[in-house]
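Breakdown of the fold
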Amino acid sequence: MLSLLKNIFRKRCLKREKSSSRTGIVPPESIDSAVVLLDGDGDGLQECTEAVSDFFKEYGIRGRIILLDLKSSRKDGEAFDGTTVTSDDVNWYGRPSAAVTGQTEPDGRGLLLSLTDSRSFTAEYLAKCSGAIFKIGRRQLPGDTFDLVIKENGETRASQAEIFREILSMLKKIKACR
């Protein structure tokens, strides 16, 4: 019964708050800011955050890294160079607080890069409600939220750093149309 109630609230929340911004594939030179969602359970977290920071510097992008660690609470979380979203930051059906959603909104022409493979409502909410002009993810969400999806091939699970390297190689191939 509780899961049915959660699903009703989740659908109503997404219907009301989903971004209506048009999105599409744009070259990295056209991006002003970026928000990168990382999975707290993922492998290669340190390596990935360093690679993401280097990407921000290379393209002069104002960026934020958000770690989704919904299995822990504020007191359990490790120190992280960025923002950590814990179970304390979401309501009973998984909607993140206004403080979190404010930090995940890009400034200007923004990129949302979701390296999380999480099936949580929180990750889905942040992706669907983002006003980013270009959205990249690891798996497509209902409603074709992401403009570009990088999936793993085979049975082995790739680390977030490996997925980011693949995304970076794709981004470098995107050129502006004139």
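In this text, all values refer to a predicted model and were calculated from it rather than measured experimentally.

Once that is clear, we can look at the side chain of Thr101. By secondary structure assignment, the location of Thr101 is in helix α3 (residues 98–103). Reaching out from Thr101, the side chain makes a polar contact with the backbone oxygen of Ala98 at a distance of 3.1 Å. If near-sequence neighbours (up to four positions away) are discounted, Thr101 is found in contact with Pro96, Tyr125 and Leu126.

Attention now goes to the packing of aromatic side chains. Here a ring pair, both rings aromatic, is described through the centre-centre distance and the interplanar angle of the planes. Scanning the entire structure with this criterion turns up eight aromatic pairs. For the pair Tyr93 and Phe121, a centre-to-centre distance of 6.2 Å together with 50° between the ring planes defines the contact as tilted. Here Tyr93 is found in the loop between β3 (83–86) and α3, whereas its partner Phe121 is found in helix α4 (residues 121–129), with 28 residues between them in sequence. Each member of the pair, Tyr93 as well as Phe121, carries the same accessibility label: buried.

Time to look at the pairing of strand β1 (residues 33–39). Buried residues dominate β1, accounting for seven of its seven residues. Side chains Ser33, Val35, Leu37 and Asp39 of β1 all project onto a buried face; the interleaved residues Ala34, Val36 and Leu38 project onto the opposite face, where all are buried too. As judged from the seven bridges shared by β1 and strand β2 (residues 62–69), these two strands associate in the parallel manner. Paired with Asp39 across the strands is Leu68, a residue of β2. Tracing the backbone out of β1, into helix α2 (residues 45–59) and back to the parallel element β2 gives a crossover that is right-handed.

In this section: the layout of surface pockets. For the second largest pocket, the calculated volume is near 160 Å³. Together, Asp39, Asp41, Leu68, Asp69, Leu70, Lys71, Thr116, Ser118, Arg119 and Ser120 line the second largest pocket. For the lining of the second largest pocket, a count of residues per class yields two nonpolar, three polar and five charged.

Paired through their backbone hydrogen bonds, the strands of a sheet run either parallel or antiparallel. Pairing in this open sheet of six strands is parallel, and the strands run β3-β2-β1-β4-β5-β6 from one edge to the other. Both edges of this open sheet fall to β3 and β6 (148–149), since each of them pairs with a single strand only. Sitting on the sheet, helix α5 (residues 160–173) touches β1, β4 (110–114), β5 (134–137) and β6, and the angle it makes with β5 is about 140°.

Cut-off values and rules
Residues numbered from 1 in each chain as written. Predicted model: local features only at pLDDT ≥ 70, side-chain atom pairs only at ≥ 80, totals over all residues. Heavy atoms only, no water. Helix = DSSP H or I, 4+ residues; strand = E, 2+ residues; numbered from the N terminus. Polar contact = N/O pair within 3.5 Å; in protein donor to acceptor, adjacent residues only side chain to side chain. Contact = heavy atoms within 4.5 Å. Phe/Tyr/Trp six-rings, centres within 6.5 Å; stacked < 30°, edge-to-face > 60°. Buried < 20%, exposed > 50% of the residue type's maximum accessible area, 1.4 Å probe, protein only. Pairing = 2+ DSSP bridges. Right-handed = clockwise from strand over helix to strand, strands pointing away. 1 Å grid on protein atoms, 1.4 Å probe; cavity = no way out; pocket = protein on both sides within 12 Å on 5 of 7 lines; lining within 4 Å. Points joined across faces, edges and corners; volume = space filled by probe spheres on them. Nonpolar A, V, L, I, M, F, W, Y, C, P; charged D, E, K, R; others polar. Axes fitted to C-alpha atoms, helices over the stretch in contact; angles between N-to-C directions.

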